[in-house]
Structures are given as structure tokens and as C-alpha cells.
Amino acid sequence: MATQLSVVVSAKLVCTAAAAAVAASAPSWNKGSRISGRKLVSMRTTAMARSGLVSLRPPRFRVFCVAKPETVGKVMQIVQKQLALGDDVKLAPESKFTELGADSLDTVEIVMALEEEFKITVEEDNAQSITTIQEAADLIDKLVVGDSPPPA
Amino acid sequence: MLASVSSLVQTNKRLDTDANIDPRSFEFKKNKFGKPEILWQSDESSMEWPLHFNISHTSSLIACGIAMDTPIGIDVEEKKRKTVKSILSLARRYFTPSEVDYLAKISDSDAQQKEFIKLWTLKEAYVKALGRGFSGAPFNRFSIQLETNSRIQISKAAKVCNDSASGCDYLSENWRFALAELNSSYYMSVCIEDNSRGFENDSVPLGLKVWKTIPFIEDTLVSGTDAVKLIT
């Protein structure tokens, strides 16, 4: 008994909406990434601390870590070259690779170009999770500083 | 996404079964690795085996592979797809040593590029059939052997598997492949699980059929015509 196997093939012109929908979309975690690439640390101090007395309450820290703007810019350059995007195509940090027209082969070439540019190695599970320019830049900066302690 | 997937799956009634299934009743879900699947009700008495599907697309084509009772993976790519990086540098970064050797021996650059695309689609089809994501089956942990005139084989890359922390536990070798050229412009790879249970695999035909479709408008059977040339 032969195995039952069917393939249905469709020209994409008819299904452009379908194609866009079929492209994988990963949830974006980078809502905080719209802040430009500065490391912001804020610490609440009490009036007592300001007057020289020690506050008994532990200080509260809020730290925003996002990729440096130059990293984001470099990633955009690499993506533009890999996908042969014209200067008229506006790239944003939240641009998704798939929406820019990248398929799986483009994505691995982008990852390889990023590895060469930044002298890092991207493991498969990390590669799978980067779907936007911002995510790629964040991962790069994380990997690049990985071995050095964060600045005081 | 699921609406568009279901339109492709639903237009395909090409199942050699006299079961009375309404494709509009299909519901979809994702497995825990994110692979889209049909939510199959176990009390679906009108059809004995669950349906599996997988989708691939290039810049101008969408392909949907459908199988009964076996997971399926499919990948399509333009035959003449040019890469920015050199073929061998891509292969060295992502493929196994034996695959690099196979490509390195091909002196004609066009032929080498085509073999790379064939290997790429075959490896993608396998990873998608397994359904564990790219990281669940890293390309450099399994080899595809593409010898002319014989069956496509898959094997774990022993050295890499032994060296890696997680081993290659999730990689299985009991999968069958079909590689075809579509319209002389695309390579299409299809991968399904091998359920032959020890029988001589070559004697069981894959039974692959290919339809060209304009969803909800027209289906044309193209397998067996020049539009679909089976490579193996």
C-alpha cells in the first residue's frame, strides 16, 4: 500500500495576503526598546539619605539595557546588504526579517554576517529567537559583553 | 496565519478516501515548539488516520504538503537562488563535514550551487518534519547523502553528536525523502516518517501527488507532467 502524500502548490501572487500571514511571527518582547540606546539607572533616594543619614529602605533600581545605537545601525546595514534592499526601504529597529522578505536561507546568512562582523558565535536556539533588527542587536551586545563584568 | 493555512489545506480534498470530512471543520493549533498542526479529534470516526501538513514559501510560490498518518516537512527554494556568502563558507558554518566534502568536490560553481540548494531544502524539510524547530535539529548534527540514482539517506553526524552536551537524542533516521524540480525553476523537498517497519524501503512507493492550485478556484494535477520532475 503506497503512502498517501499530497503537495499543493500555489502562485504567491494570488496569495500575497496568505503569504504575509504564513510568515512566522514571534512575539516581540522589546516594547521597552524604543528608548534609545542609553543605559539608564535610577535610584530612589529618601530625604533622610540626602541629608546624610542612611536610609533603612533598600534602594530600588530600574535598569534599562538595550543595544547601542551603533549596533542597531550596523545590523541594519548588514540586513540591507543581505536582502538587497534599496535606499527607499525604511528600516526600523522593530522591522521583522520576514516582513523585509527574508527566508530561512537569508536569515542564516544574516546571522553569519553578524558573527563575522562582531566576532561572536550565535547558537541555534539564539538564532531562532531573533526575528527583528532590535532583537539581533540586543543579542549581539549581550554576547559581545558576555565575558566582561558590567560597568560599575 | 491560521486562516491562510486553513484555506490551503481546505482546498485540498485530494485524499484517496471515501471519508466524508468537511475541511471547514478543521481547527489548528501549534505544537510546543511552534509548529502549526491540525487539531485532530480522537473521535473523528469518519477518518482513520490524522492529517498532517506543512507549509513552505519562496518569493513567488507557496507549497503545502499534506500526509495521512505521518508527520511531514516540506521546503521549496528557487533553483538558481544566489547566496551572498560563498557556498562553501555557508556549508562549513552550517553543514556537516561530509556534506562540505560532497560540495567541495563539485568543480562547476553552478552545479555546486544547485547541489547546495538541494541539500538545503532536504535538511529544512527534515527539521520541519521533526517539528522541534531549528534548534531541535541543528543542521550540523545530521548528514544527508545525495548519491545519484539511489535513495536519499539521512544519518546522524557521529562526532558532532558525541561532542555535544545534549547529544542527538531527538534526531531519528527513519525518514524518507522526495526531491523534485518544479517548473524547472524550484527544488522541492518533502520528508515523511518511514513507517515501512523493516520492509525493503525502495519497494514501497511514496505515492506523491502534486497539485497546482488557485485556492477555491481551480486545482490541476501536475505530478506526472513535465512541471514536476522527480529527482529521487
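Residues numbered from 1 in each chain as written. Chains lettered and ligands numbered in written order. Predicted model: local features only at pLDDT ≥ 70, side-chain atom pairs only at ≥ 80, totals over all residues. Heavy atoms only, no water.

### Brief notes about the sheet that holds strand 1 (residues 5–11) of chain A
As summarised here, the arrangement of the 5 strands in space is 3(B)-4(B)-1(A)-10(B)-11(B), forming an open sheet in which the pairing is mixed. In this open sheet, the two strands that pair with only one neighbour each are strand 3 (51–57) and strand 11 (218–221) of chain B. Each strand axis lies, on average, 25° off the axis of its neighbour in the sheet, ignoring direction. Bridge count for strand 1 of chain A against strand 10 (residues 208–214) of chain B is 5 bridges, and the pairing is parallel. Paired with A:Leu5 across the two strands is B:Leu208, which belongs to strand 10 of chain B. (Pairing = 2+ DSSP bridges. Helix = DSSP H or I, 4+ residues; strand = E, 2+ residues; numbered from the N terminus. Axes fitted to C-alpha atoms, helices over the stretch in contact; angles between N-to-C directions.)

### Focus: the pattern of salt bridges
Taken as a whole and assessed by the stated rule, the structure comprises 11 salt bridges over all chains. With a closest N to O distance of 2.9 Å, B:Arg81 and A:Asp106 form a salt bridge. Taken together, the residues B:Arg81 in the loop between strand 5 (72–78) and helix 2 (87–94) and A:Asp106 in helix 4 (residues 104–118) connect one chain to another. Since its relative accessible area comes to 9%, A:Asp106 is described here as buried. Residues B:Lys79 and B:Glu181 are paired through a salt bridge, measuring 3.2 Å at the closest nitrogen-oxygen approach. (Salt bridge = Lys/Arg side-chain N within 4 Å of Asp/Glu carboxyl O. Buried < 20%, exposed > 50% of the residue type's maximum accessible area, 1.4 Å probe, protein only.)

### What about the packing of aromatic side chains?
Residue and element names in this part refer to chain B. Enumeration over the complete set of coordinates arrives at 10 aromatic pairs over all chains. On the basis of an interplanar angle of 70° and a centroid distance of 5.0 Å, the ring pair of Trp120 and Phe139 is categorised as edge-to-face. On the criterion of sequence distance, the pair formed by Trp120 in helix 4 (residues 109–130) and Phe139 in the loop between helix 4 and strand 6 (142–145) is long-range, its members being 19 residues apart. Residue class for Phe139 comes out buried when judged on its relative accessible area of 1%. For the ring pair Tyr126 and Phe177, a centre distance of 6.5 Å and an interplane angle of 45° mean the geometry is tilted. Of this pair, Tyr126 sits in helix 4 while Phe177 sits in strand 8 (residues 175–182), placing them 51 residues apart in sequence. Residue classification places Phe177 among the buried positions, given a relative accessible area of 8%. By the ring-pair criterion, three or more aromatic residues cluster together here, those being Phe95, Phe116, Trp120, Tyr126, Phe139, Phe142, Trp175 and Phe177. Across from the ring centre of Tyr94, 4.7 Å away, lies the NZ or CZ of Arg93, which sits over that ring. (Phe/Tyr/Trp six-rings, centres within 6.5 Å; stacked < 30°, edge-to-face > 60°. Lys NZ or Arg CZ within 6 Å of the ring centre and 35° of its normal.)

### What about the nonpolar core?
Formed by 63 residues in total, the largest nonpolar core has its most connected members in A:Val79, B:Phe95, B:Leu103, B:Phe116, B:Tyr126, B:Phe142 and B:Phe177. With 10 residues, helix 4 of chain B is the single largest residue contributor to this core. Residues in contact with B:Phe95, not counting those within four places in the same chain, are B:Leu90, B:Val100, B:Leu103, B:Phe116, B:Leu119, B:Trp120, B:Lys123, B:Phe139 and B:Asn140. Core analysis: the next-biggest nonpolar cluster, separate from the first, contains 22 residues, A:Val9, B:Leu61, B:Tyr186 and B:Val210 among them. (Core = buried A, V, L, I, M, F, W, Y, C linked by side-chain atoms within 4.5 Å. Contact = heavy atoms within 4.5 Å.)

### Things to note about the packing of helix 3 (residues 97–104) of chain B against helix 4 of chain B
Residues and elements named next belong to chain B. Here helix 3 crosses helix 4 at 155°, and the two axes come no closer than 9 Å. The angle between helix 3 and helix 4 falls in the class roughly antiparallel. Between helix 3 and helix 4, the contacting residues are Glu99, Tyr102, Leu103 and Ala104 on the first element and Gln112, Glu115, Phe116, Leu119 and Lys123 on the second. When grouped by side-chain class, the residues that make up the contact of helix 3 with helix 4 number 5 nonpolar, 1 polar and 3 charged. (Parallel < 35°, antiparallel > 145°, perpendicular 65-115°, else oblique. Nonpolar A, V, L, I, M, F, W, Y, C, P; charged D, E, K, R; others polar.)

### Thoughts on the side chain of A:Glu124
Counting through the fold element by element, A:Glu124 comes out in helix 5 (residues 124–129). B:Arg93 provides the closest opposite charge to the buried, unpaired A:Glu124, separated from it by 5.0 Å. In this structure, A:Glu124 is in contact with B:Phe134, B:Ser135, B:Pro138 and B:Asn140, ignoring residues within four places of it in sequence. (Lys, Arg positive; Asp, Glu negative; His and termini not counted.)

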